[in-house]
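Summary of structural features
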Amino acid sequence: MKVNERILALLLGVSVAAAGPPASYAASATATAAEQSAHKKAENKTAATAESGDVWWKHAVIYEIYPRSFQDSNGDGIGDLNGITSRLDYLKTLGVDAIWLTPIYPSPQIDFGYDISDYVAIDPPYGTMADFDRLVAEAKKRDIRVIMDMVMNHTSDKHPWFIQSESSKTNPKRDWYVWENGKGPGQPPNNWLSAFGHSAWQYAPKTDQWYYHKFYIQQPDLNWRNPKVEQTMWGNVRFWLKKGVAGFRLDAVPTLFEDPSLKDEQVLPGTNKYGDPNIDGSLTENLPEVHKVMRDLRDVTDSFPGNRVLIGETYLPNVHELEKWYGANHDELQMPMDMQVGFINKLDVNQFRDRINEVEHDIGDNQPLLVFDNHDNPRMDMRYGDGKHDVEIQRMLATILFATRSTAMMYYGDELGMKTTPPTRVEDVKDPVGRTGWPTEKGRDGERTPMQWDGAPEAGFTTSDKPWLPVPDTYKMVNVEEEVRDDDSLLNWYKQLIRLRRENPALHSGTLTMLNTTDSKVLSWMRQAPGQPAVVVACNFTAERQKFAFDLSQHGITSKQAKTLMKTPGSSDPASLDAVNLPPFGVYIGQVQ
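About the thresholds
Residues numbered from 1 in each chain as written. Predicted model: local features only at pLDDT ≥ 70, side-chain atom pairs only at ≥ 80, totals over all residues. Heavy atoms only, no water. Salt bridge = Lys/Arg side-chain N within 4 Å of Asp/Glu carboxyl O. Helix = DSSP H or I, 4+ residues; strand = E, 2+ residues; numbered from the N terminus. Buried < 20%, exposed > 50% of the residue type's maximum accessible area, 1.4 Å probe, protein only. Pairing = 2+ DSSP bridges. Contact = heavy atoms within 4.5 Å. Axes fitted to C-alpha atoms, helices over the stretch in contact; angles between N-to-C directions. Left-handed = near helix turned anticlockwise from the far one by under 90°. Nonpolar A, V, L, I, M, F, W, Y, C, P; charged D, E, K, R; others polar.

Turning our eyes to something else, we now look at the pattern of salt bridges. The tally for this structure, following the rule as stated, stands at 31 salt bridges. Taking the shortest distance from any N to any O, the salt bridge between Lys243 and Asp133 comes out at 3.2 Å. Placement of the pair is Lys243 in the loop between α7 (227–242) and β7 (247–251) and Asp133 in helix α5 (residues 129–141), with a sequence separation of 110 residues. Across the pair Arg444 and Asp431 runs a salt bridge whose closest N-O atoms are separated by 2.7 Å. Of the two residues, Arg444 is situated in the loop between α14 (432–437) and α15 (480–485) and Asp431 in the loop between β13 (407–411) and α14; the sequence distance between them amounts to 13 residues. Take Arg444: its relative accessible area is 1%, and that puts it in the buried class. The exposure class assigned to Asp431 is buried, which follows from its relative accessible area of 0%. Sharing partners across several salt bridges, the network here consists of Asp111, Asp376, Asp431, Arg444 and Arg448.

For the rest of this paragraph, the subject is the sheet that holds strand β10 (residues 309–312). Strand order in the open sheet made by the 8 strands is β11-β10-β7-β3-β2-β1-β13-β12, with parallel pairing throughout. Each edge of the open sheet is held by one strand with a lone partner, namely β11 (335–336) and β12 (369–371). Sitting on the sheet, helix α13 (residues 390–403) is in contact with β1 (61–65), β12 and β13, with an inclination near 145° to β13.

A few words on the packing of α7 against helix α8 (residues 290–302). When two helices pack together, their arrangement is given by the angle between their axes and by how far apart the axes lie. For the pair α7 and α8, interaxial distance at closest approach is 10 Å and the crossing angle is 35°. As for the relative orientation of α7 and α8, their crossing is right-handed in sense. When α7 is examined against α8, the residues Glu230, Trp234, Val237, Arg238 and Leu241 are found in contact with a partner set consisting of Lys292, Val293, Asp296, Leu297, Val300 and Thr301. For the contact of α7 with α8, the class distribution of residues is 6 nonpolar, 1 polar and 4 charged.

So, in structure tokens, the structure goes:
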């Protein structure tokens, strides 16, 4: 749900001023407190046993698919489930262990699926429930798991729950959402802002009250202080677990709770990209109550076999906040997304080294999950590229993602080097974020363009001449068909790197130690597994050639010889680990002899 890391500035700080909570909200807060005090964690949880072993998700490559944009099977210009099924062999060859599908539930598509109107069905443009069952079954044949996107913070305003809630103040569903009186005629209850621009409150004249929406107006927030909301949501979760899904990616999950006082946020200097005053956002983000809900959800998923996994969309200010999401007793999320590394958004060796060290040493024995790209942010070319060495830079970033000690999440098209292609005219914008913020904010269409399969019209994505988003002109050379044939392509680099990660013991499960820690141009590290040769990695963060010497002496390694495992195309094998020549943004991976 997050647009990009700039929103982070709205999510930190302390609060000032005051306003009163609605009666129903305060009452449900009391009910939740009572439930929390009565909550007893399950004994002998299956996850406790699983996490002591080598569970599948600890070494997985998780591939995010934006279903509208992956493969259209029926010629309507919109990707669908049968299209994904038709491409499973490609994903298997790439080395994917699990696919995460962004929402495929029925939806008015205001936020392209993140505004859900039915949690236990398939939106017809994507296919049928039978199509979904076939996708899960065919993926299983290829040892690929399916992870669903679960949106718990809000529903569509067309969901039957909200239609009932909006109908009257006495409706049984009224306190399933957050309602409040305004400060005065035409004045919202407080100064809270939507992450997508302007007030987070929308007036409903039928009942003369305002409802809260952290995101779009059409996405009213659920009231998670009402136990009935939680109980019903867990029913939806069980429905999909019974369908065989491997787990859930939890959308915008730090936003489940709001401060029940509903007091004003502290105003910060300046304005945001929508022209609103900056506020700190601390009253609507990452409140402590969310952790009890995560423990409850973990109890639900752990009651199913197969090591189901919970992944959180957790844009957090630091690694210490991230650690809390694993749970003090490993009883919350198995893998909150670590955005600290992949979204530095500048090639700063020292920052990369520090952030990787933090996630290596400051989250206890929990499993890191690194993310460099997703459907809410410009692709890596726009965030890291220089326009000249974009492929080399993406090759280097992929090395950091797959050769460090983490579970790896990638976004469709990363393996091709797909370009961010934002619209050039406001009338072409599909994402409402872009329409609200144009021209400062052009929305997220640019990172959601169709997958580029081949050089045929519309890149092989669809037989329609009108795909839901235009296919970039770059598809003629940047596509699967072309890159499969080129041994030096980015796609083949990804394949080799993923295979090496799976087959080499040090890269699969070894410890990580940073090397040459004062070097400001080359990021280097070592991976070690018991009884196995060490593997060393070097990434040149500059556009100039670098002659690099691995400093291994302080780690008890005296050998200067290594067997090359991977290196930037066109570069030479080093005669010694004291003399590694790295081309611009070059990479070297070697096994110490």
